[in-house]
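A closer look at the structure
The primary structure of each chain is shown beneath.
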Amino acid sequence: MGVLGLRTYIEKQTSLLEDLPFRDSKLIIDGCNLYHELYFQNLHIKLDLKHGGEYEAFEDLITEFFSILRDCDIQPYVVIDGGGDYTDRKFAILKRRSEEEIIKTNKLSTGRKRRSLPLLTKYVFAQTLHKLKVPFVQCYEDDGEIAALANQWNCPVLSNDSDFYIFDLKAGFLPTQHFCWEYVDVNTDTNQKYIPSKHFKVESLCASFNIMNKDLLPVFACIHDIMELQKMALPGINSIDGLLEWLSRFRSPEEAIDGFLKRIKYKKKKYVVRKALFNGIQEYKLTKSSLAQFFNSETQIACTGPLQALPAWILMHLHEGKMGSFIIYVLLQKRVMLNPQVEDFQQPSSHKISRPIRQVLYGLVLLGKQQTVDKHVAAAKTSTATDKCYVTEYDREGLTLTSSEVEAIETKVKEGLQLETLPEEPHALRLQIFLETLGVPSVTFRGLSLHLQFQVFVMRYWLVNAQPQPNLVHLWGLLLGMVHGQLNTTARAQIGTDFFVILWGLETRLKLKTQANLDHEVAHLYSQWQSCLWWSLCLNRLLCCPLPEPECARLYQGTLVHHAAREFKRGIKPESLLPMGSEAEKLFRQMRDAVLSLVDEDVVRRISTRYRNRAVGNRCNDLSAEEPNYEHLMQEDIEDYDDDDDDDDDDDGKQSKAKDHKKGRSECFYTIRTRHKAKARNANHPSKKSERRCFD
């Protein structure tokens, strides 16, 4: 997790960093550090932080970065820290960081400048690497794996983690903040492109302190950490300069440790410090990397300790970045840390809405795992209260990090599912589990493209369960962002430019209003949407993707969505942003009708009534004579929905809809039966008063 203050110290010692025109080499990249740097520190594009994420622009940055590496003949290998501290050694640090994130996101919500990554940042990063075919691995050991791989391949590491100032790297270390990829230069002699960068080697640091033994640097890092954590004040060695100068007097790590322990008075404390020092130093010892074979042949990485107990398919998906680190926390610690978002901190956490999804996920992981570990014990169990299994969730209450026990729930679709054999279950059953969890009723899916179904189902769950209740304005804002993301991947010449010109004008005009206060209700609702999306993605992956996974970068553009909702509140019609008959308008209507057809009539009535009340209030407070009639707009939207529903029994209506979907759309025809009944639903999934046939 780095050596506090060391990076700043190195920056001030300009002689320790040498200029390096970097090209034509392998490069080991610290993935977590890279996506932080790209999102926060890009020189040309300032990505928004308070509206929930600018994922499409972030994807463009990632694509540009790796394109430039390719132009300079640099072969990247990305190692993403899985974040799974399954050893519990640094749990106190993780809690402290979570508490700090709560404070940061709260300050962002009040308009103050802070840096906190949007929820889906890492997900978008990994998806983009897959799409670009950049070799990467999600690793659950320590930074030593990155250093060991770099030494094995004799190439540098790109990161901002100050631990890499301590590792003895043969080819050195490239600090990310000095890796000037935005300013590629050309060698006039060879006409080859290169990236201007700064280069660090431990020999330079040791030479500036009496040619200190470089084996003493891990001792320095561990002593420094202990003194910082325990607030120890020892005369002469409190500063980085003083500690390095003092250590340079010793010939070996053992001598230095003995010398440090002599400065500690209490015997009991000496024992604790000695143990911490020896454990810490072990983390800097490099062995042969287990990652090289994975990159060369994508074979299974050998795991040690508790990770060996995980099913082989889970381990492979973890290393391929196809599953989040939450599963390690759940399996080995029964614990999950929920990432705070920019939202209304007077309301309960935005993650509360997705708890039922997590409960099913916990059940699949834990209850199935118990059977694979000890079938005899599982068979002997009876259905009593003592059989219940819980996961400790760490989330915010107000501005305080708190914990709560959340019960793991076994899916009713099929009892006795085992985690180890979950991929072998029929596709229809895994899909049924997903749909049942999201409360999607029994339907026949027709006409809606397969690649749109995931986001429609998640939107249905959000619309039914979000608090406060969303209205049509919030739904329209989300849909508009999705239409923009979906069609932005298509050649604009094929779909017309009007839609993008209009949206570009909307984005440009509204981004100028940087001083406008954040609408906390909108922020909270869209943070709930992202939580639903995140945990639905996790569930879908655990079920081995019964539904195609959407490109997250296409689903949510924070600034556009927030400001579109603001414009809709003022009375702007969606039709004014969607040219009649365009692909954008058709896609908007298709997704809108699909979502509304999946919810009860009383939900449609509530979101429409709330929109009408909000619209009337706005009209009374706005003296502008140009505002349109809100009641007419609301009624038009409901009539469009009802007309589509009535067409279910009209052959001509079916034929006209079929024509709309037939051209350029891939249709999916299958029937899924869930256990939902019209009059028997739990509180999280209200029943429909009448069944509708959807997506005809």
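Figured I'd write up the structure that's included with this text. (Residues numbered from 1 in each chain as written. Predicted model: local features only at pLDDT ≥ 70, side-chain atom pairs only at ≥ 80, totals over all residues. Heavy atoms only, no water.)

Let's talk about the overall build of the chain
A tally of regular secondary structure across the chain gives 27 helices and 13 strands. Out of the 696 residues belonging to the chain, those deemed buried represent 55%. Across the chain, every contact between residues at least 6 apart in sequence was considered, and the portion connecting residues at least 24 apart equals 76%. Put simply, the chain shows about 31300 Å² of open surface, and 49% of that area lies on carbon and sulfur atoms. (Helix = DSSP H or I, 4+ residues; strand = E, 2+ residues; numbered from the N terminus. Buried < 20%, exposed > 50% of the residue type's maximum accessible area, 1.4 Å probe, protein only. Contact = heavy atoms within 4.5 Å. Areas by Shrake-Rupley, 256 points an atom, 1.4 Å probe, with all protein chains shown as cover.)

What about the sheet that holds strand E8 (residues 193–199)?
Taken together, the three strands give an open sheet; going across it, the order is E1-E8-E7, and neighbouring strands pair in antiparallel fashion. Two strands close off the open sheet at either side, each with one partner strand: strand E1 (18–22) and strand E7 (185–186). Relative to E8, E1 runs antiparallel, the two being bridged by five bridges. Residue pairing across strands places Glu 18 opposite His 199, the latter belonging to E8. (Pairing = 2+ DSSP bridges.)

Here we look at the sheet that holds strand E5 (residues 157–159)
Hydrogen bonds between backbone atoms are what pair the strands of a sheet, whose relative direction is either parallel or antiparallel. Across the sheet, five strands lie side by side as E4-E3-E2-E5-E6; this open sheet has parallel pairing. One side of each edge strand has no neighbouring strand; the edge strands of this open sheet are strand E4 (136–139) and strand E6 (173–175). For this sheet, the mean inter-axis angle between neighbouring strands, taken without regard to orientation, is 25°. Inspection of the sheet shows strand E2 (residues 26–30) paired to E5 by two bridges, in the parallel sense. When the sheet's bridge partners are listed, Ile 29 is paired in E5 with Leu 158. (Axes fitted to C-alpha atoms, helices over the stretch in contact; angles between N-to-C directions.)

Comments concerning the nonpolar core
Counting residues in each nonpolar core, the largest one holds 140 residues, and the members touching the most others are Phe 65, Phe 66, Phe 179, Ile 327, Trp 462 and Leu 542. Dropping the residues within four chain positions of it, Ile 327 is found in contact with Ile 314, Leu 318, Val 365 and Leu 542. Core analysis: the next-biggest nonpolar cluster, separate from the first, contains 63 residues, Phe 220, Ala 221, Ile 240 and Ala 256 among them. (Core = buried A, V, L, I, M, F, W, Y, C linked by side-chain atoms within 4.5 Å.)

Quick word on the packing of helix H22 (residues 520–542) against helix H23 (residues 558–570)
Look at H22 against H23: their axes get within 11 Å of each other, and the N-to-C directions meet at 130°. If you check the angle between H22 and H23, you find them oblique. Between H22 and H23 lies a crossing of right-handed hand. Contact with H22, carried on its side by Glu 521, Val 522, Ala 523 and Tyr 526, involves Val 561, His 562, Ala 565 and Lys 569 of H23 and no other residues of that element. Grouping the constituent residues of the contact of H22 with H23 by class yields five nonpolar, one polar and two charged. (Parallel < 35°, antiparallel > 145°, perpendicular 65-115°, else oblique. Left-handed = near helix turned anticlockwise from the far one by under 90°. Nonpolar A, V, L, I, M, F, W, Y, C, P; charged D, E, K, R; others polar.)

As for the pairing of strand E3 (residues 75–81)
Along any regular strand the residues' side chains alternate between the sheet's two faces. Most of E3 is tucked away: five of the seven residues are buried. One ladder, built from five bridges, connects E2 with E3; its direction is parallel. Across the sheet, Leu 27 pairs through a bridge with Pro 76, a residue of E3. With four bridges joining them, E3 and E4 adopt parallel strand pairing.

Comments concerning the environment of Leu 27
Structurally, the position occupied by Leu 27 is in strand E2. Residue Leu 27 is classed as buried on the basis of its relative accessible area, which comes to 0%.

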